[in-house]
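# Fold and contact review
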Amino acid sequence: MLTVYTCIVTEHDLRLVVLAACVCAVASFAAVNLLHHVGRSDRLMRRVWRLVAAVATGFGIWATHFIAMLAFQPALPSGYDITLTVISLIAVIGLTGVGLTIGTSPGVRYGRWIGGAILGAGIAVMHYTGMAAFEIAGRVVWDVPLVVASIALGGLLGSVALPIGLHANTFKWKALGGLALTLAICSHHFTAMAAAAIMPDPSIIVSASAMPAGWMAIGVALASIFIILFAGAGLALDLRELRRAGEEAARMQELADAAVEGLIVCNGTEIVATNSSFTALACPDGSEPVGRSLAFFFPALVSGHLAGSAHKPLEATLRVINGTRIPVELLRRNIVYAGKPHHVLAVRDIRERKKAEADIRFLAHHDPLTRLSNRASFDRRLEAEFEAHRERGRGFAVFLIDLDGFKDINDLFGHLVGDAALQFVAEKITGLLEADQMVARLGGDEFAVILPDLAGPAHAQRMAEAILDAFSGASDKLPAAVTVDASIGIALFPEDGADRTTLLGNADAALYEAKSEGRSTYRVFEAAMGADQGNRRQFENDLRHAISRNELSLVYQPQLALRSGKVTGFEALLRWNHGTKGPISPVAFIPIAEECGAIVQIGEWVLRTACAEAARWETPLTISVNVSAVQLSRGGLPELVAKVLRDTGLDPARLELEVTESCMIKDIDTVLLVLNKLKKLGLRIAMDDFGTGYSSLSTLRAFPFDKIKVDRSLVRSIDTSPEAAAILRAVLGLARGLELPALAEGVETSAELAFLREEACEAMQGYLCSPPAPIAHFAQETGGISPADLSEVDQPRLPQLIS
């Protein structure tokens, strides 16, 4: 009796056994390699690749079997039945094709395991069909337990071959998958051969039609050639794809490096690729971020937050390799990288944006020059103090502080020294106050102080004396000839007023009393000071009759485009020459006109006069007219403007109405309705005094303004205050971001002009160009001719600001 065990030693050609194992390994690796092309192909080519892989695998199993059979050289006549031999090849290709189809179908649950098991069944069918084709002068007796073991081995190892080989498109996993398939084929074959025992029987004759071993060797050689061709084709395709992948990766890296934003490619929580922008941001020391975890650079980032950031920006903190922290904005996208799903993170450095936002928020509540709270913050604090002190039954004091002779400081020493004086005052008052006390700059040279939980009037008087004494000290920021004096008016809650209007009014009356008695003093409100209100009523009466008495006039200040240096328009400015008191500043009479309602009549006169004047100009320049909050809130303004435009014949496109942020605070819905009606007339709307407080950003979002005019307080502070320069830079950047032209008011020095040019401000207005003057002084710009009685008036040309 001959068995496989003894025959491997004595009746087998071990060289052919080794060859069978090699052919099996090559075929197995080729099959796994070819299967990876299925997932990357379209529907038709997917079928083609499955067929090619099935043929390669079938030929490999078939060739392995028959090479091993050729290695078996018993001392008995033998041959191979041609029909069964061909059937064994067809059967193994068919079953392998079924197994590979199921194993590469993503919709089949556990498809790779099931497909691998079917592949193992194909090995068994091929082997035992091939053994049936083997004719020998003897009888084959099977050891049933070994037969079962061979089928189990082939099925088990075959079921794990596909899950391993298709796990990833890398040489490692392909090789492991090929090894598993090789073990499945070889273990099945040699275990099945061990199950066969050949008993010589002279009565059994090999049929004449049986294929001799020599012819079988030729068939096996051809099959081996096919296997080598398949393996070579798969290898060539892999090399081509590797080359293409490398070229594509290089192109993608070039594109990624060209991006300003940092880019990170992540496999789960591990960084697998970055661009140069992220490397420079996160690793300034030149180290490599690849291979580190996301948590290393974003320690506060929770994976759940990252998963929810797809298509939606997420703010986070980047920890730089040296330990510093940078605020960033992350945006996630899902991609396929190296044949596997990854996600890419765009990392945007938002330090400048955060700084600009902080500057804007500060600007909304503070004065940029002195860094004190502004009027809006003061009003909120005052209302809070009323409520708190009513509940506790305690009193508090309000100081109104006005500098004495501040206009003289500006006129004699310039606005830079004036700004330094305001900063000096803010510094001195702040140094005297406790943490729960407040000082604010209300505007110009006017300050206010709140002293909560006041023990008594004497405490307020001592504080007023301390403030005045502090102003008498010298300052290295002011010229020696400059002295700062102030007058202070004090009102007490609840004695002098239980509401904002009354308390501030009485504090203002006390301030007026202090200023009338001389410089550098203070007064506490007394009831007798109310008599001065009669003077106020007379002032209001004179203001209402100013038009009929021909005491009002307009002066014009040119507005220049910084790029061309040409005059683009004029702003009409109101002046009042009182019959007995002489010229009165607009700062003094316009607030009173708004309070008493006279501003409505005066505003109509200003609008009609300015439009009529502009309609006479030969050059179609714009005319800017200020509109007060009272005009906007009382209604009828759109109808009035439309009538004035019809009466004067002025093109609506040449009219620009200027509104301040304060106009939109009380009733923004009504104001927006009025502004939209005005826009429909074809004129333009400008935001005046932008940057002086209130809700600047929300206001700009609420209405599509045509221009913003940056307040002069910002412009004047840029030479002395780096913070003010930063805020002005942020405001101009905001205007550019919103695509709004910006005009800077109050430009008086070449340094201010240079700063505005550097920050790409579109236009300017101020004394550096020209002070406000009657329109006759600008006949050359307007294209008009001065009246005969003004022919002798000197009409200087505007300075050439653009080189």
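Below is a summary of the structure that appears in this document. Treat the numbers as computed from the prediction; the structure is a model and nothing was measured.

With that out of the way, let us pick up the overall build of the protein. Across its full length, the protein holds 28 helices and 24 strands. The buried share of the protein, reckoned over its 803 residues, is 49%. A separation of at least 24 residues holds for 69% of the contacts in the protein among residues at least 6 apart in sequence. When the accessible surface of the protein is split by element, carbon and sulfur atoms take 59% of a total near 37700 Å².

Its place among the elements puts E540 in helix α18 (residues 533-544). Sequence spacing of E540 and I592 is 52 residues, and the spatial spacing of their C-alpha atoms is 7.1 Å. Once you skip the residues sitting within four places of it in the chain, E540 turns out to touch I592 and C596.

Another point: the pattern of salt bridges. Two side chains carrying opposite charge are able to pair once their charged atoms lie near each other. Counted by the stated rule, this structure contains 27 salt bridges. A salt bridge links R348 to E329, with the nearest nitrogen and oxygen atoms 2.8 Å apart. Highlighted residues: R348 in strand β10 (residues 340-349) and E329 in strand β9 (residues 325-337), separated in sequence by 19 residues. Taking the relative accessible area as the measure of exposure, R348 reaches 36% and is therefore partly exposed. Through salt bridges that share partners, E315, E329, R348, R353, K354 and E357 make up one connected network.

Spatial ordering of the open sheet is given by β7-β6-β10-β9-β8, a layout of 5 strands whose pairing is antiparallel. Here the strands that pair on one side only, and so sit at the sheet edges, are β7 (270-274) and β8 (314-319). Here the average twist between neighbouring strands, direction ignored, is 40 degrees. Relative to β7, strand β6 (residues 262-267) is paired through 4 bridges, and the arrangement is antiparallel. Paired with C266 across the two strands is I271, which belongs to β7. With respect to the sheet, helix α12 (residues 351-365) is in contact with β8, β9 and β10, its orientation differing from that of β9 by roughly 135 degrees.

With that settled, the discussion passes to the packing of helix α13 (residues 375-392) against helix α17 (residues 500-516). It is the contact of α13 with α17, at a shortest axis distance of 11 Å, that shows an interaxial angle of 110 degrees. The angle between α13 and α17 falls in the class roughly perpendicular. Every pair of crossing elements has a handedness; the one defined by α13 and α17 is right-handed. Contacts between α13 and α17 involve F378, D379, L382, E383 and F386 on the former and, on the latter, R500, L503 and L504. Here the residues of the contact of α13 with α17 sort into 5 nonpolar, no polar and 3 charged.

In this structure, I623, L655 and L657 are the most contacted members of the largest nonpolar core, which totals 84 residues. Not counting the four nearest positions on each side in its chain, I623 is found in contact with Y556, F570, A572, A610, A614, W617, L650, R654, L655 and E656.

Moving on, we come to the packing of helix α20 (residues 599-615) against helix α22 (residues 637-648). Where α20 meets α22, the closest approach of the two axes is 9 Å, and the angle between their N-to-C directions is 30 degrees. Crossing geometry of α20 relative to α22 is assigned as right-handed. Counting all contacts with α20, which are made through E604, L607, R608, C611, A612 and A615, the residues of α22 involved are L640, V641, K643, V644, D647 and T648. A per-class count over the contact of α20 with α22 returns 7 nonpolar, 1 polar and 4 charged.

This next bit is on unusual backbone geometry. The linkage connecting F493 with the following residue, P494, adopts the cis geometry, with an omega of 5 degrees. Tracing the backbone through its elements, the reader meets P494 in the loop between β14 (485-493) and α17. The phi torsion at E739 lies on the positive side, around 60 degrees, for a residue other than glycine. The topology assignment puts E739 in the loop between α26 (722-737) and β23 (742-744). Residue class for E739 comes out exposed when judged on its relative accessible area of 71%.

A separate point is the environment of G418. Here G418 shows up in helix α15 (residues 415-432). C-alpha separation for the pair G418 and R716, spaced 298 residues apart in sequence, amounts to 9.8 Å. The residues touching G418, leaving out its near neighbours within four places in the chain, are F406, I409 and N410.

Moving on, we get to the sheet that holds strand β12 (residues 438-443). Sheet architecture is open: 5 strands sit in the order β12-β13-β11-β14-β15, paired in mixed fashion. A single partner strand is all that each edge strand has here, and the edge strands are β12 and β15 (521-524). If you compare each strand with its neighbour and ignore which way they point, the axes differ by 20 degrees on average. Both strand β11 (residues 395-404) and β14 contribute to a ladder of 9 bridges, which runs antiparallel. Looking at the pairing, F399 lines up with I490 of β14. Against the sheet, helix α16 (residues 457-471) makes contact with β11, β13 (446-454), β14 and β15, and its axis sits at roughly 165 degrees relative to β14, the strand it touches most.

Compared with the 16 Å implied by 1.5 Å per residue over 12 residues, the 16 Å span of α22 between its first and last C-alpha is a close match. Taken together, the buried positions of α22 are L637, P638, L640, V641, A642, V644, L645 and T648. Lining the buried residues of α22 we find α20, α21 (629-634), β20 (655-660) and α23 (668-680).

Between its first and last C-alpha atoms α12 spans 22 Å; for 15 residues at 1.5 Å apiece the expected length is 21 Å, and the two agree. Listed in full, the buried residues belonging to α12 are D359, I360, L363 and A364. The arc enclosing the buried residues of α12, seen along the axis, measures out at 140 degrees, which places them on a common side.

Parameters and conventions
Residues numbered from 1 in each chain as written. Predicted model: local features only at pLDDT ≥ 70, side-chain atom pairs only at ≥ 80, totals over all residues. Heavy atoms only, no water. Helix = DSSP H or I, 4+ residues; strand = E, 2+ residues; numbered from the N terminus. Buried < 20%, exposed > 50% of the residue type's maximum accessible area, 1.4 Å probe, protein only. Contact = heavy atoms within 4.5 Å. Areas by Shrake-Rupley, 256 points an atom, 1.4 Å probe, with all protein chains shown as cover. Salt bridge = Lys/Arg side-chain N within 4 Å of Asp/Glu carboxyl O. Pairing = 2+ DSSP bridges. Axes fitted to C-alpha atoms, helices over the stretch in contact; angles between N-to-C directions. Parallel < 35°, antiparallel > 145°, perpendicular 65-115°, else oblique. Left-handed = near helix turned anticlockwise from the far one by under 90°. Nonpolar A, V, L, I, M, F, W, Y, C, P; charged D, E, K, R; others polar. Core = buried A, V, L, I, M, F, W, Y, C linked by side-chain atoms within 4.5 Å. Expected span 1.5 Å × (residues − 1). Arc of directions from axis to C-beta.

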